[in-house]
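Letter by letter, the chains look like this.
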Amino acid sequence: MAADVLSVRNLRVEIPLRNEVLCPVDGVSFNIPAGEILGVVGESGAGKSMTGNAVIGLLDRPAHIAGGEIWLNGQRIDNLPKEAMRRLRGKQIGMVFQDPLTSLNPLLPIGEQLRETILEHLPVTKPQAAARAIAALEEVGIPAAARRIDSYPHEFSGGMRQRVVIALALCAEPSLVIADEPTTALDVSVQAQIIALLKRLCRERGTAVMLVTHDMGVIAETSDSVAVMYAGRLCELGPVREVMTHPAHPYTIGLMASTPLAAKGQKRLNQIPGAMPRLDNLPTACAFHPRCPQVQDRCSVEPGPDLEACGGRAACWFANGAGS
Amino acid sequence: MLAFTIRRTFQSVVVLLVVGLVAFSMFRFVGDPVDNMLGQERTGADIERLRTQLGLDQPFPVQYFKFLRGAVQGNFGVSYRQGRAVSGIIAERLPATLELAAVSAILAVVFGFGLGVFTAIRRDGWAANTIMTLSLVGVSLPTFLIGILLIYLFSVELNWLPSFGRGDVVDLGWWRTGLLTESGLKALILPAITLGLYQMTLIMRLVRSEMLEVLRQDYIRFARARGLKERVVHFRHALKNTLIPVITVTGLQLGSIIAFAIITETVFQWPGVGLLFINSIQFVDIPIMAAYLMLISVMFVGINLVVDLLYFAIDPRLHVGSSGVKG
């Protein structure tokens, strides 16, 4: 655990409403060692982004962390005061958002946004910050960075803007980057470039990455390990190669089967019947059981085994290879 | 930028020409001034003489051209009632209106922006909620009623402030100001509040809703994710983005402050151009009415021009010259 940059223990996020409490993230635990990439997958509403927001301390009220612990480089951060958490953001945790077209302030030159972030977190003078800003842009592959530094966001294309966003997230050299669907809003041809860039930068610096996506292909290409989420719970966690080749949880199996693979020459795409349950109407016990092809009586009575406690990969009583 | 400025200026001139035509038409179609100026005991020769003297015997386009030529030089003819040059009368009255409008506008903008930002940032606080509730009063009460209520409270009941007039003025040669004497300042307070209250609450509510909208944007989240201080997020990132839509409305509101000064000036018997206009309507003093109309439209057009140019200063996306390709 000492080598882990990020360690999330039993995280629970709650949204109190007028007459009930919703729980979009429940009992989620995972570790990310330095220099490694953890892919977090799941359908929309599975709690992937919510988990990321909880880690960086940007949950929108009334959502809040109701249980569990978050450790960053050996420091517990889930109970830090606001101001201490603010200093941590950008400095130790960087974040890349989904849509590069809206993540940059349209009225400030990109250089200005880089400089203000650098000056906020690093003990440098203004000229040093300006030099660092140019270096940061060069690193993410913006051509003629010194000339483009005073350009406004609208003068860049979508892919270039996402590079700027990555430069902003990494400019104070954080030890953890949370990338929340960083390629979803981009052209397919640009997606690969951005993913490769993110991967290269983090490998070089030993930055841990939490890569939130719903694209299994992206995970397969980049991640070291993968966490599969369903209805706010972790259902499978393991090294990416193992999970890809031998998915254990029925949900993961379904997810893998519904990924289109041109090479296999499939006629029809598989799908998991039904839809993700609403948070205010979660099924009892294992949340996946109404859609599960391997459902048995026990599933509707008793929640799946705790991933931590049983030391297994999948939170399912009848997981492949786990036995019952 | 230059082309834009020239184009907008050209459009402004067209607008002013049209307003000029309307103002001029009043001479032709609103009664016959000769009837008003000459008494009951007039002769046909008198009427002819006066017609020639006023230039009313000339064809319509010639009269319009003469009117325009005079208007450009600030010459709007002679007041029917006072028999003096209209430009002189207006110049005498204008400082009072401009001082009142300027003070109201400053009040409206400063408090409007300040309270708007405050209520947006402290969205759920009791202070913000109280301000929002009170602002409904400012938006919904008519100006003259606010004026009368203020007079009743501060002049009649408390006897703190004068209820009418401008107090003592200091003559600076070309400008008579009430800002330099105590009685002048005292007399200014109630009318300025009356005139500016509606604009203030309007600006405040607009700033608040725009700011709340901006605070929901991704780049604000991203600014927070970069660990910037809340103060920086609010005032550097959010406020500037709030300004663009707010400036348009604020600009128009400043124009209407001068125009709506008519009501406030009537309630407080403030010796400005608004009161002059109301009085001249009662006497069908068309040269003054036409001059007032032109004056107000010049101000409106001027303010709008400034507002358009301000966009350039704030929003870089409007700099068409640079490589502004979206996408």
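Residues numbered from 1 in each chain as written. Chains lettered and ligands numbered in written order. Predicted model: local features only at pLDDT ≥ 70, side-chain atom pairs only at ≥ 80, totals over all residues. Heavy atoms only, no water.

1. Considering the confidence of the model for chain B
Residues and elements named next belong to chain B.
- Mean pLDDT over chain B: 82, with 94% of residues reaching 70 or higher.
- Highest mean pLDDT in chain B belongs to helix 9 (residues 218–225) (91); lowest belongs to helix 2 (residues 33–37) (69).
- Here residues 322–327 is a poorly scored stretch, pLDDT under 50, and it has 10 contacts once near neighbours within four places are set aside; other chains count. (pLDDT = per-residue confidence, 0-100. Helix = DSSP H or I, 4+ residues; strand = E, 2+ residues; numbered from the N terminus. Contact = heavy atoms within 4.5 Å.)

2. Quick notes on the layout of surface pockets
- By volume, the largest pocket is sized at about 1500 Å³.
- In this structure, the largest pocket is lined by 34 residues; those nearest its centre are Leu59, Asp60, Arg61 and Lys82 of chain A together with Arg224 of chain B.
- A breakdown of the residues in the lining of the largest pocket according to their chemical character gives 16 nonpolar, 3 polar and 15 charged. (1 Å grid on protein atoms, 1.4 Å probe; cavity = no way out; pocket = protein on both sides within 12 Å on 5 of 7 lines; lining within 4 Å. Points joined across faces, edges and corners; volume = space filled by probe spheres on them. Nonpolar A, V, L, I, M, F, W, Y, C, P; charged D, E, K, R; others polar.)

3. A closer look at empty space enclosed by the protein
Residues and elements named next belong to chain A.
- Evaluation of the coordinates by the stated rule reveals 2 cavities of 30 Å³ or more.
- In this model, the largest cavity occupies a volume close to 90 Å³.
- Lining the largest cavity are His249, Pro250, Cys286, Phe288, His289, Cys292, Gln294, Cys299, Gly304, Cys316, Trp317 and Phe318.
- Broken down by class, the residue content of the lining of the largest cavity amounts to 8 nonpolar, 4 polar and no charged.
- The space that makes up the second largest cavity amounts to roughly 40 Å³.

4. A short note on the packing of aromatic side chains
- Scanning the model with the defined rule gives 9 aromatic pairs over all chains in all.
- When the ring of Phe97 of chain A is compared with that of Phe222 of chain B, the centres are 5.7 Å apart and the planes differ by 80 degrees; the resulting orientation is edge-to-face. Note that Phe97 of chain A is positioned in the loop between strand 6 (93–96) and helix 3 (100–103) and Phe222 of chain B in helix 9, a pairing that runs across two chains.
- Of the residues examined, Phe222 of chain B reaches a relative accessible area of 0% and is grouped as buried.
- Ring centres 4.3 Å apart and planes at 20 degrees place the aromatic pair Phe277 of chain B and Tyr292 of chain B in the stacked group. Separated by 15 residues along the polypeptide, Phe277 of chain B in helix 11 (residues 273–282) and Tyr292 of chain B in helix 12 (residues 286–314) bring together distant segments of the chain. Of the two residues, Phe277 of chain B and Tyr292 of chain B, neither departs from the other in class, the shared state being buried.
- The ring of Phe156 of chain A has Arg148 of chain A sitting right over it, with the charged end atom 4.2 Å from the ring centre. (Phe/Tyr/Trp six-rings, centres within 6.5 Å; stacked < 30°, edge-to-face > 60°. Buried < 20%, exposed > 50% of the residue type's maximum accessible area, 1.4 Å probe, protein only. Lys NZ or Arg CZ within 6 Å of the ring centre and 35° of its normal.)

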